[in-house]
Amino acid sequence: TGADEFTVRIWNLDTSKLVAGPFKSMGMVGAVRFSTDSKKLTLKSDDAPAHTIYKFDASTLENIGVPFEEHTKAVTGLAPSFDGALLASAGEDDTIKV
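Description of the structure in this document. The structure presented is a predicted model; accordingly, all values stated were derived computationally and were not measured.

**Some details on the overall build of the protein chain**
- Each helix and strand in the protein chain was counted, giving 0 helices and 8 strands.
- Order of helices (α) and strands (β) in the protein chain, N terminus to C terminus: β-β-β-β-β-β-β-β.
- Over its C-alpha atoms the protein chain spans a radius of gyration of 13 Å, differing by no more than 12% from the 13 Å that the globule rule assigns to 98 residues.
- Once the C-alpha set of the protein chain is aligned to its principal axes, its extents read approximately 40 × 30 × 20 Å.
- The proportion of buried residues among the 98 residues of the protein chain is 34%.
- Considering only residue pairs separated by 6 or more positions, the protein chain has 21% of its internal contacts joining residues 24 or more positions apart.
- The distance from the centre of the 10 positive side-chain charges to the centre of the 14 negative ones in the protein chain is 3 Å.

Spelled out as structure tokens, the structure:
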């Protein structure tokens, strides 16, 4: 889950117990998505002035690559491709980035 208190938490849906977190973000956390193979976790953070997308290894929760900061306004959605190779993001800046 993401929260307006600038944190991210990962929950076990079978037990309703917290698995990891809370992890602190630099801004309000919105969309949180797992890849279809559940190996990557992607989240967006509206940490002004940047609007950042982060990728993590879902098993270690370590950052993957460099954060993506190409949107000029808030990121409103994330959509991973079926094979997990691509990530599309939509923003309030009226753009879609892939």
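**Some points on the pairing of strand 6 (residues 75-80)**
- Note that strand 6 and strand 7 (residues 87-91) share 5 bridges and pair antiparallel. For Val75, the partnering residue across the bridge sits in strand 7 and is Gly91.
- Here strand 6 folds back onto strand 7 in antiparallel fashion, the turn holding 6 residues, of which Gly84 has a positive phi close to 80°.

**Quick look at the nonpolar core**
- Listed in full, the 8 residues of the largest apolar core are Val8, Ile10, Ala20, Val29, Leu41, Leu43, Tyr54 and Phe56.
- Elements represented by at least two residues in this core include exactly strand 1 (7-12), strand 4 (40-46) and strand 5 (52-57).
- In this structure, Ala31, Val75, Leu78 and Leu87 belong to the second largest nonpolar core, which totals 5 residues.

**What about the environment of Trp11?**
- Within the fold, Trp11 resides in strand 1.
- Judged by its relative accessible area of 38%, Trp11 is partly exposed.
- Residues Trp11 and Gly21, spaced 10 residues apart in sequence, show a C-alpha to C-alpha distance of 9.0 Å.

**Quick look at a nonpolar patch on the surface**
- Together, Leu86, Ile96 and Val98 make up an exposed nonpolar region whose accessible area comes to about 360 Å².
- Turning to its location among the elements, Val98 is positioned in the segment after strand 8 (96-97).
- When its relative accessible area of 72% is taken as the criterion, Val98 is described as exposed.

Cut-off values and rules
- Residues numbered from 1 in each chain as written.
- Predicted model: local features only at pLDDT ≥ 70, side-chain atom pairs only at ≥ 80, totals over all residues.
- Heavy atoms only, no water.
- Helix = DSSP H or I, 4+ residues; strand = E, 2+ residues; numbered from the N terminus.
- Rg over C-alpha atoms; globule rule 2.2 N^0.38 Å.
- Buried < 20%, exposed > 50% of the residue type's maximum accessible area, 1.4 Å probe, protein only.
- Contact = heavy atoms within 4.5 Å.
- Lys, Arg positive; Asp, Glu negative; His and termini not counted.
- Charge placed at Lys NZ, Arg CZ, Asp CG, Glu CD.
- Pairing = 2+ DSSP bridges.
- Core = buried A, V, L, I, M, F, W, Y, C linked by side-chain atoms within 4.5 Å.
- Patch = residues over 30% accessible without salt bridge, like charges linked within 9 Å, V, L, I, M, F, W, Y side chains within 5 Å.
- Areas by Shrake-Rupley, 256 points an atom, 1.4 Å probe, with all protein chains shown as cover.
- Salt bridge = Lys/Arg side-chain N within 4 Å of Asp/Glu carboxyl O.

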